[in-house]
Amino acid sequence: MVSLKDISEATNVSIATVSKALNGHNDVSAETREKIRRTAMEMGYLPNFAAQALKTNRSYDLGILFMDEAHSGLTHDYYAALLDSFKRTAESMGFDLTFINGNKVRSNNMSYLAHVKYRGFDGVCIACVDFNDPDVLELVRSDIPIVTIDHTFDNRIVVVSDNISGMRDLVRYCYDQGHRKIAYIHGLDSSVTQARLTSYYKTCQELGLPVRDEYVREAPYRNTDETYRQTLELLDLKDPPTCILYPDDFASFGGMNAIRSRGLSVPEDISVAGYDGIRIGRHLFPRLTTIWQNTEEMGKIAAQQLISLIENPRTTFVETKVVPGKLYEGETVRNINVI
């Protein structure tokens with residue numbers, strides 16, 4: 001059986017350095033850490049995780065609490081990309097991931113906190129849940145290392161997309177294209193929705209655009225049936241909008257189908273824009289105008305921050321990490337400026 005001493009002799013470093021590298025300590029350079037891990041793999045080194053856990057008081061396992069309102073699971077383009085980045089980053093730092101089965105936890109009459117302690121997770125990433133759920137709040141208020149995605153709590157590390165700037169850029173782009181009647185079908189109430197909705201109102205105010213109550217509507221995220229219905233109602237208004245913003249890219253597909261059902265076309269008759277920047281939107285015709293969210297960076301930062309909090313709790317700042325997105329102009333917002 002390959003030992004730490006064997007790896008030490010093969011890499012010409014101390015046994016202590018080998019141990020630190022294999023345990024993901026930050027006081028070993030990335031180059032040395034990678035060399036040691038590669039050598040260990042080539043030599044067939046298999047660590048005794050049970051002994052390692054007893055020695056370090058860690059499981060090297062992170063819990064993921066994720067239950068989106070649409071029950072789309074990992075078919076949810078935005079969160080699937082984000083959590084994939086989280087997974088790759090965590091694994092590169094020596095950690096495994098386990099999804100927390102909410103249904104199983106409830107059926108066993110356990111709280112999330114009790115389940116996390118029972119499973120021995122070193123930390124938890126919370127994304128896309130009901131953040132007002134008492135069980136979620138109990139977990140957040142515990143002493144378990146936690147990072148949340150797209151929802152802010154006091155005294156917790158938070159990673160969020162810059163929804164305020166994103167919505168501002170989207171509204172301003174539509175305005176620059178000549179649109180003065182811009183409707184917004186927003187998602188159900190959440191911190192993300194509130195940030196985008198406030199930014200929508202504020203940007204319209206800055207641009208001198210009156211926002212009519214009938215132009216602001218609600219539909220669940222990723223719900224094409226409801227955006228279809230809401231779009232038809234907008235089209236039936238006595239003075240319909242020239243441009244409609246949707247809660248997310250996927251939901252915008254329902255809106256575009258509604259527009260086409262009336263014999264109208266996008267963007268010749270009415271302009272639309274989504275939010276998220278999912279891959280399929282770039283392959284549609286016309287290509288969808290949207291705000292691309294940097295899920296790769298968000299997932300990476302979330303994993304790094306959570307693991308830093310686990311390994312260096314006294315020197316890791318508890319802060320909000322805001323990740324900027326980018327406007328993707330696409331082809332679904334027509335320029336209606338009079339030439």
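Residues numbered from 1 in each chain as written. Predicted model: local features only at pLDDT ≥ 70, side-chain atom pairs only at ≥ 80, totals over all residues. Heavy atoms only, no water.

Asker: Can you help me understand the overall build of the protein chain in this one?
Answerer: Assigned secondary structure in the protein chain consists of 13 helices and twelve strands. Overall, the C-alpha framework of the protein chain stretches about 80 × 45 × 35 Å when taken along its three principal axes. Per-residue burial for the protein chain yields a buried fraction of 50% across its 339 residues. Intrachain contacts of the protein chain at a sequence separation of at least 6 include 69% that bridge at least 24 residues. Within the protein chain, the 45 negative side-chain charges are centred at a point lying 3 Å from the centre of the 37 positive side-chain charges. (Helix = DSSP H or I, 4+ residues; strand = E, 2+ residues; numbered from the N terminus. Buried < 20%, exposed > 50% of the residue type's maximum accessible area, 1.4 Å probe, protein only. Contact = heavy atoms within 4.5 Å. Lys, Arg positive; Asp, Glu negative; His and termini not counted. Charge placed at Lys NZ, Arg CZ, Asp CG, Glu CD.)

Asker: Where do I start with the packing of helix α1 (residues 4-11) against helix α3 (residues 30-43) in this structure?
Answerer: Describing two packed helices takes the angle between their axes plus the distance from one axis to the other. At their nearest, the axes of α1 and α3 sit 10 Å apart, and the two run at 120° to each other. Judged on the interaxial angle alone, α3 and α1 are oblique. By crossing handedness, the relation of α1 to α3 is classed as right-handed. On the side of α1, the interface is formed by Asp-6, Ile-7, Ala-10 and Thr-11, while α3 contributes Lys-35, Ile-36, Thr-39, Ala-40 and Met-43. (Axes fitted to C-alpha atoms, helices over the stretch in contact; angles between N-to-C directions. Parallel < 35°, antiparallel > 145°, perpendicular 65-115°, else oblique. Left-handed = near helix turned anticlockwise from the far one by under 90°.)

Asker: I'm lost on the packing of aromatic side chains in this one. Help?
Answerer: The way to describe two aromatic rings as a pair is by their centre distance and the angle between their planes. Scanning the entire structure with this criterion turns up seven aromatic pairs. Between Tyr-78 and Tyr-79 the ring centres are 4.8 Å apart and the planes differ by 75°, which places this aromatic pair in the edge-to-face class. Per residue, the accessibility class of Tyr-78 equals that of Tyr-79, and both read buried. When the ring of Tyr-184 is compared with that of Tyr-200, the centres are 5.2 Å apart and the planes differ by 45°; the resulting orientation is tilted. One end of the pair, Tyr-184, is in strand β6 (residues 182-186); the other, Tyr-200, is in helix α10 (residues 191-206), and 16 residues separate them in sequence. Taking the relative accessible area as the measure of exposure, Tyr-184 reaches 0% and is therefore buried. Among the aromatic residues, ring-to-ring pairing joins Phe-66, Tyr-78 and Tyr-79 into one connected group. The ring of Tyr-175 carries the charged tip of Arg-180 above its face, separated from the ring centre by 3.7 Å. Across the ring face of Tyr-275, the terminal group of Arg-196 is positioned such that the distance to the ring centre comes to 3.7 Å. (Phe/Tyr/Trp six-rings, centres within 6.5 Å; stacked < 30°, edge-to-face > 60°. Lys NZ or Arg CZ within 6 Å of the ring centre and 35° of its normal.)

Asker: For this particular structure, what's the right way to read the state of the cysteines?
Answerer: By definition, a disulfide links the sulfur atoms of two cysteine residues through a covalent bond. Considering all chains together, one arrives at zero disulfides under this definition. Distance from the sulfur of Cys-174, which forms no disulfide, to the nearest cysteine sulfur (Cys-243) is 3.7 Å. On the accessibility criterion, Cys-243 (0% relative accessible area) is buried. (Disulfide = S-S within 2.5 Å.)

Asker: Would you take a moment to explain the side chain of Thr-289 for this structure?
Answerer: Among the secondary structure elements, Thr-289 is positioned in the loop between β9 (271-273) and β10 (290-292). Judged by its relative accessible area of 0%, Thr-289 is buried. Separated by 2.4 Å, the side chain of Thr-289 and the backbone oxygen of Glu-329 make a polar contact. (Polar contact = N/O pair within 3.5 Å; in protein donor to acceptor, adjacent residues only side chain to side chain.)

Asker: Explain the sheet that holds strand β7 (residues 216-218) here, please?
Answerer: Spatial ordering of the open sheet is given by β7-β6-β8-β9, a layout of four strands whose pairing is parallel. A strand with exactly one partner marks an edge of an open sheet, and here the two such strands are β7 and β9. If you compare each strand with its neighbour and ignore which way they point, the axes differ by 20° on average. Across three bridges, the pairing between strand β8 (residues 243-245) and β9 is parallel. Its bridge partner lying in β9, Ile-244 is registered against Val-272. Relative to β8, helix α9 (residues 163-176) is tilted by about 170°, and along the sheet it contacts β6, β8 and β9. (Pairing = 2+ DSSP bridges.)

Asker: Got a minute to help me understand the sheet that holds strand β5 (residues 157-161) in this structure?
Answerer: Sheet strands pair by backbone hydrogen bonding; their relative direction is either parallel or antiparallel. With parallel pairing, the six strands of this open sheet are ordered in space as β2-β1-β3-β4-β5-β11. Since the sheet does not close on itself, it has two edges, and those belong to β2 (96-99) and β11 (320-323), each with one partner. When the angles between neighbouring strand axes are averaged without regard to direction, this sheet yields 20°. Alignment of strand β1 (residues 61-66) against strand β3 (residues 123-127), held across five bridges, turns out to be parallel. Within β3, the position partnered with Leu-65 by the bridge is Ile-126.

As far as function goes, none of this settles anything; it's purely spatial.
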